[in-house]
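Residues per chain, in single letters:
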Amino acid sequence: QVQLVESGGGTVQAGGSLRLSCAASGRYFSNYNMGWFRQPPGREREFVARVGSVGSTVYADSVKGRFTISRDNAKNTVYLQMNSLKPEDTAVYYCGARRVAAREYEYWGQGTQVTVSS
């Protein structure tokens, strides 16, 4: 069982930056692929970025060049550095975890609100 707790959300002006953190409890954190997703107001949850167990990364086109995902296996934590934020980045951001062999994300955090004002 893995528990995920996000932090770092808040309100920022367009062009600003935020860093989200997701702390994981449980064992074998390094064996999990970790992802960030977001749910904008009135829309479905969407993929933002993921980092594999060995550090490979994938990003949604909408955040490429602005967001950076990273992980610190010693701290059981995954980060999302968000720069050049836009109003359309406003959403609840969720952290997810899935074992390397799993096809779907198995564990989710409670989410953290990010609001970007224009």
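Residues numbered from 1 in each chain as written. Predicted model: local features only at pLDDT ≥ 70, side-chain atom pairs only at ≥ 80, totals over all residues. Heavy atoms only, no water.

Examining the overall build of the chain
Inclusion rule: Working definition: helices are DSSP H or I runs of at least four residues, strands are E runs of at least two. Numbering for both runs from the N terminus. Here the radius of gyration uses the C-alpha set of atoms, whereas the globule reference equals 2.2 Å times the residue count to the power 0.38. Buried means the residue's accessible area, taken with a 1.4 Å probe over protein chains only, is under 20% of the maximum for its type, while exposed means over 50%, and partly exposed covers the values in between. The contact definition used throughout considers only heavy atoms, calling two residues in contact when any of these lie within 4.5 Å. Only the protein chains shown count as cover for residues, with accessible areas throughout obtained via the Shrake-Rupley method and a probe of 1.4 Å. Only four residue types enter the charge count: Lys and Arg as positive, Asp and Glu as negative, with His and the chain ends excluded. Working definition for charges: the position is that of NZ of Lys, CZ of Arg, CG of Asp or CD of Glu.
A count of helical and extended segments in the chain gives zero helices and 11 strands. Secondary structure elements of the chain occur, N-terminal to C-terminal, as β-β-β-β-β-β-β-β-β-β-β. Here the C-alpha radius of gyration of the chain, 13 Å, is about what a compact globule of 118 residues would show, namely 13 Å. Expressed as lengths along the three principal axes of its C-alpha atoms, the size of the chain is roughly 40 × 25 × 25 Å. Looking at the chain residue by residue over its 118 residues, the buried ones come to 46%. Partitioning the contacts of the chain with sequence separation of at least 6, the portion at a separation of at least 24 is 55%. Counting only carbon and sulfur atoms, one obtains 45% of the accessible surface of the chain, whose full area is about 6,200 Å². Separation between the mean location of the 14 positive side-chain charges and that of the 9 negative ones in the chain comes to 6 Å.

Examining the sheet that holds strand 7 (residues 67–72)
Inclusion rule: Any two strands are treated as partners once DSSP identifies two or more bridges connecting them. With axes taken as lines fitted to C-alpha atoms, and helix axes fitted only over the stretch in contact, angles between N-to-C directions fall between 0 and 180 degrees.
Taken together, the four strands give an open sheet; going across it, the order is 1-3-8-7, and neighbouring strands pair in antiparallel fashion. Looking at which strands have only one partner, the edges of the open sheet turn out to be strand 1 (3–7) and strand 7. On average, adjacent strands in this sheet sit at an angle of 15° to one another, irrespective of strand direction. Strand direction decides the pairing type here: strand 1 and strand 3 (residues 18–25), joined by five bridges, are antiparallel.

Some points on the pattern of salt bridges
Applied cut-off: Salt bridges are counted wherever a side-chain nitrogen of Lys or Arg sits within 4 Å of a carboxyl oxygen of Asp or Glu.
Taken as a whole and assessed by the stated rule, the structure comprises six salt bridges. A salt bridge links Asp61 to Lys64; its shortest N-O distance comes to 3.1 Å. Residue Asp61 is classed as exposed on the basis of its relative accessible area of 65%. One salt bridge in this structure joins Arg66 and Asp89, with 2.7 Å as the shortest N-O distance.

A few points about unusual backbone geometry
Phi at Tyr28 is positive, roughly 60°, even though this residue is not glycine. Exposure remark for Tyr28: the relative accessible area of 52% places this residue in the exposed category.

Observations regarding the packing of aromatic side chains
In plain terms, the rule: Think of it this way: a Phe, Tyr or Trp ring, Trp meaning its six-membered ring, pairs with another when their centres are within 6.5 Å, and the plane angle makes it stacked under 30 degrees, edge-to-face over 60, tilted otherwise. Working rule: Lys NZ or Arg CZ, within 6 Å of ring centre, within 35 degrees of ring normal, means a charge sits over the ring.
This model, assessed by the stated rule, comprises five aromatic pairs. Relative to Trp108, the ring of Phe37 has its centre 5.0 Å away and its plane inclined at 70°; by these criteria the two rings are edge-to-face. Of the two residues, Phe37 is situated in strand 4 (residues 32–39) and Trp108 in strand 10 (residues 107–108); the sequence distance between them amounts to 71 residues. We classify Phe37 as buried; its relative accessible area is 12%. By relative accessible area, Trp108 is classed as partly exposed at 31%. Taken together, a centroid distance of 5.7 Å and an interplanar angle of 45° make the contact between Tyr105 and Trp108 tilted. By relative accessible area, Tyr105 is classed as buried at 17%. Sitting above the plane of the Tyr79 ring, Arg19 keeps its charged end 4.1 Å from the centroid.

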